[in-house]
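# Report on the structure
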Amino acid sequence: QVQLVESGGGLVQAGDSLRLSCADSGRTFSSLSGGWFRQAPGKEREFVAAITSSGADTVYVESVKGRFTISRDNAKNTVYLQMDRLQVEDTAVYYCAAGPAIVVSTARVRYWGQGTQVTVSS
């Protein structure tokens, strides 16, 4: 079974960087698309970034292009989200996600992580 666990969230200043990790102890993760979504209080969960199972292709929401980088290390069953030049607007709970098709929407997600808080102060 796929069990996703996020880590790496925290409190940072605007302009700083943070790296999130999403790990699964099983072997199934490497055959799935991985991705990241975020949800701020009172708002809908929104797509942030996704990567194909092989890592050959990536997709980003427009607001994070050029600042965030999604990557994966299948040997470690881990997907990463490198977040640079963070903005106050990036503050949210970030959720790791996985599914058989590239997870660019919540409808495509089959497995969710528990979430990790990212807070950006000005």
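The structure displayed is predicted, hence computed values, not measured ones.

### Section: the pairing of strand β11 (residues 116-121)
Side-chain positions along a regular strand alternate between the two faces of the sheet. Burial along β11 is one-sided: Thr116, Val118 and Val120 are buried, and none of Gln117, Thr119 and Ser121, which face the opposite way, are. Bridging between strand β2 (residues 10-13) and β11 involves four bridges; their strand directions are parallel. What sits directly across from Val12, in β11, is Val120. Pairing of strand β9 (residues 92-99) with β11 involves three bridges; the strand directions are antiparallel. From the neighbouring strand, Ala92 faces β11, where its bridge partner is Val118.

### Section: unusual backbone geometry
Despite not being glycine, Asn77 shows a phi value in the positive range, around 50°. By relative accessible area, which is 16% here, Asn77 ends up buried. In this structure, Arg85 is a non-glycine residue whose phi angle is positive, near 50°. Structurally, Arg85 can be placed in the loop between β8 (78-83) and β9.

Rules and cut-offs
- Residues numbered from 1 in each chain as written.
- Predicted model: local features only at pLDDT ≥ 70, side-chain atom pairs only at ≥ 80, totals over all residues.
- Heavy atoms only, no water.
- Buried < 20%, exposed > 50% of the residue type's maximum accessible area, 1.4 Å probe, protein only.
- Helix = DSSP H or I, 4+ residues; strand = E, 2+ residues; numbered from the N terminus.
- Pairing = 2+ DSSP bridges.

Function cannot be read off these values alone, since they describe shape.
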